[in-house]
Amino acid sequence: MSQIHSPIADAWTPAQLQAVIDAHRLMPGAMLPTLHAIQDRFGYIPDAAVPMIAEALRHTRAEVHGIISFYHHFRTHPPGRNVIQICRAEACQSVGSRQLEAHARQRLGIDYHQTTPDHEYTLEPVYCLGNCACGPSVRVNDDVMGRMTPEQFDELTDELSATVVEVK
């Protein structure tokens, strides 16, 4: 199962942020590609990036913040080691995604857009994973899984949190 970059491993520096911004600043409509590139590189968009992006792209800080907050995809805090997205589209709702959502929130002890205290999981809503015939669907990092039940969700989170220890 693939995983997103650990926020600890991908700590950022102002120079690294500036390099990402500079690589995208001359593109037509550079705002969204820049924001995506920063999040892809660091796992989220640090607050310190907002004034840097605003200056480079000749926007106000308020405009940059408005774009980040408008799109649910963008994070402003480091995500957990595993990002779990639960589909909330109508097809998945019709086969039990609301019940799965409630179970996931209870099991993880967090709500949408939150990360567990141990930084293991971030829970996010998504509005279609293109897996409508196999709902309810979830995506964990880059892997889409269909026909997810609360019991399978528990097994999945147990598997994801299991630590492999090598004994020599």
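Residues numbered from 1 in each chain as written. Predicted model: local features only at pLDDT ≥ 70, side-chain atom pairs only at ≥ 80, totals over all residues. Heavy atoms only, no water.

Novice: Sorry if this is basic, but what is going on with the pairing of strand S1 (residues 82–87) here?
Specialist: A regular strand carries its side chains on alternate faces of the sheet. Taken across its six residues, S1 has six buried, putting it largely inside the fold. Taking every second residue as pointing to the same face, both faces of S1 are buried, with Asn82, Ile84 and Ile86 on one and Val83, Gln85 and Cys87 on the other. Here six bridges tie S1 to strand S3 (residues 121–126), and the two strands are oriented parallel to one another. Within the sheet, the bridge partner assigned to Cys87 lies in S3 and is Val126. One ladder, built from three bridges, connects S1 with strand S4 (residues 138–140); its direction is antiparallel. From the neighbouring strand, Gln85 faces S4, where its bridge partner is Arg139. (Buried < 20%, exposed > 50% of the residue type's maximum accessible area, 1.4 Å probe, protein only. Helix = DSSP H or I, 4+ residues; strand = E, 2+ residues; numbered from the N terminus. Pairing = 2+ DSSP bridges.)

Novice: What should I look at first to understand the nonpolar core in this one?
Specialist: If you look at the biggest cluster of nonpolar residues, it comprises 20 residues, and the most contacted ones within it are Leu35, Ile38, Ile45, Ile53, Val64 and Ile68. Among the secondary structure elements, those contributing two or more residues to this core are helix H1 (14–24), helix H2 (31–42), helix H3 (49–57) and helix H4 (61–70). Discounting residues that sit within four places of it in the chain, Ile45 has contacts with Leu35, Ile38, Gln39, Ile68, Phe74, Arg75 and Thr76. (Core = buried A, V, L, I, M, F, W, Y, C linked by side-chain atoms within 4.5 Å. Contact = heavy atoms within 4.5 Å.)

Distances and angles like these do not, on their own, reveal function.
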